[in-house]
Amino acid sequence: NAGVMQNPRHLVRRRGQEARLRCSPMKGHSHVYWYRQLPEEGLKFMVYLQKENIIDESGMPKERFSAEFPKEGPSILRIQQVVRGDSAAYFCASSTQRDRTFGSGTRLTVV
Amino acid sequence: GIQVEQSPPDLILQEGANSTLRCNFSDSVNNLQWFHQNPWGQLINLFYIPSGTKQNGRLSATTVATERYSLLYISSSQTTDSGVYFCAVFRETSGSRLTFGEGTQLTVNP
């Protein structure tokens, strides 16, 4: 079992560009969560998805951010028109019903 | 929402020393996990421990759910234990999210 796979590990974008972060959950897991970690801080919940459904997006900014988990393929976190404040580590986790397993994260740097 | 406080915020140890990290939470929880974020940023799941005591090698954890705290014990610390230790809790009535504390930054010196 390869665990939760995130790519890319590092992503550099210029202000105004789009960032696409991908997450493949563990085999057999149908729940995906995205968290953001700003420098020197803990992780903050963004969004919870199941296949083809957004269950809880209360932690995600209303503008520029979107997430999907299609029937086939990885979950995608999309950030449009990135700004410097979007620079952070973005972690994905998957679960069945109990504990969450996290991926290694994508470190986004906006220059 | 539920509040999670970790202490101490920073801890410096000599190799071989023991330590105790604490996590207090403001309300009853259905799930509590301890994570280690290593210096490369990877988040490692240490324990799923909503109540009781568990041990894994030099690490052990105890959660006293009725008193709303959890402790992580590290014995005979090694330099590879360095990193940030996070406590995270989940409460069904708060939806699906794990709420993280701000972490304890541990540095183990040789």
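Residues numbered from 1 in each chain as written. Chains lettered and ligands numbered in written order. Predicted model: local features only at pLDDT ≥ 70, side-chain atom pairs only at ≥ 80, totals over all residues. Heavy atoms only, no water.

Enquirer: Give me the overall build of chain B: which residues, what numbers.
Expert: Tallying secondary structure elements over chain B gives 0 helices and 11 strands in all. Ordered by position in the sequence, the α and β elements of chain B form the string β-β-β-β-β-β-β-β-β-β-β. Taking 2.2 N^0.38 as the reference for a compact globule, 110 residues should give roughly 13 Å; the C-alpha atoms of chain B span a radius of gyration of 13 Å, in line with that estimate. Here the C-alpha coordinates of chain B stretch approximately 45 × 25 × 20 Å along the principal axes. Per-residue burial for chain B yields a buried fraction of 48% across its 110 residues. As presented, chain B carries roughly 5,200 Å² of accessible surface, and 47% of it is formed by carbon and sulfur atoms. Treating the 6 positive side-chain charges of chain B as one cloud and the 8 negative ones as another, the clouds have centres 7 Å apart. (Helix = DSSP H or I, 4+ residues; strand = E, 2+ residues; numbered from the N terminus. Rg over C-alpha atoms; globule rule 2.2 N^0.38 Å. Buried < 20%, exposed > 50% of the residue type's maximum accessible area, 1.4 Å probe, protein only. Areas by Shrake-Rupley, 256 points an atom, 1.4 Å probe, with all protein chains shown as cover. Lys, Arg positive; Asp, Glu negative; His and termini not counted. Charge placed at Lys NZ, Arg CZ, Asp CG, Glu CD.)

Enquirer: Quick one: what's the story with the state of the cysteines, residue by residue and with numbers?
Expert: The tally for this structure, following the rule as stated, stands at 2 disulfides over all chains. Across a sulfur-sulfur distance of 1.8 Å, A:Cys23 and A:Cys92 are joined as a disulfide pair. Measuring handedness by torsion sign, the sulfur bridge of A:Cys23 and A:Cys92 sits at about -55° and is left-handed. Linking A:Cys23 in strand 3 (residues 19-24) with A:Cys92 in strand 9 (residues 88-95), this pair joins segments that are 69 residues apart in sequence. Across the disulfide, B:Cys23 is cross-linked to B:Cys87 (sulfur-sulfur distance 2.0 Å). (Disulfide = S-S within 2.5 Å.)

Enquirer: Would you mind going over the pattern of salt bridges in detail, with residue names and values included?
Expert: Residue and element names in this part refer to chain A. Following the criterion strictly, the structure yields 8 salt bridges over all chains and no others. Between Arg 78 and Glu 18 there is a salt bridge whose closest N-O contact spans 2.8 Å. Residue Arg 78 is found in strand 8 (residues 75-79), and its partner Glu 18 is found in the loop between strand 2 (10-13) and strand 3; the two are separated by 60 residues along the sequence. Owing to a relative accessible area of 28%, Arg 78 belongs among the partly exposed residues under this scheme. (Salt bridge = Lys/Arg side-chain N within 4 Å of Asp/Glu carboxyl O.)

Enquirer: A description of the side chain of A:Arg36 should follow, citing residues and the corresponding values.
Expert: All names here are of chain A. Relative to the assigned elements, Arg 36 resides in strand 4 (residues 31-37). Of the side chains with opposite charge, Asp 86 lies nearest to the buried Arg 36, which makes no salt bridge, at 4.2 Å. What Arg 36 contacts, discounting residues up to four positions off in sequence, is Gly 42, Leu 43, Lys 44, Met 46, Pro 61, Phe 65, Asp 86, Ala 88, Ala 89 and Tyr 90. (Contact = heavy atoms within 4.5 Å.)

Enquirer: Residue-level account of the pairing of strand 8 of chain A, with values.
Expert: Residues and elements named next belong to chain A. Counting buried residues along strand 8, 4 of its 5 residues qualify, which places the element largely inside the surrounding structure. In terms of strand pairing, strand 3 meets strand 8 through 5 bridges, oriented antiparallel. For Arg 20, the partnering residue across the bridge sits in strand 8 and is Arg 78. Of the strand pairs in this sheet, strand 7 (residues 65-68) and strand 8 are connected by 4 bridges, and their pairing is antiparallel. (Pairing = 2+ DSSP bridges.)

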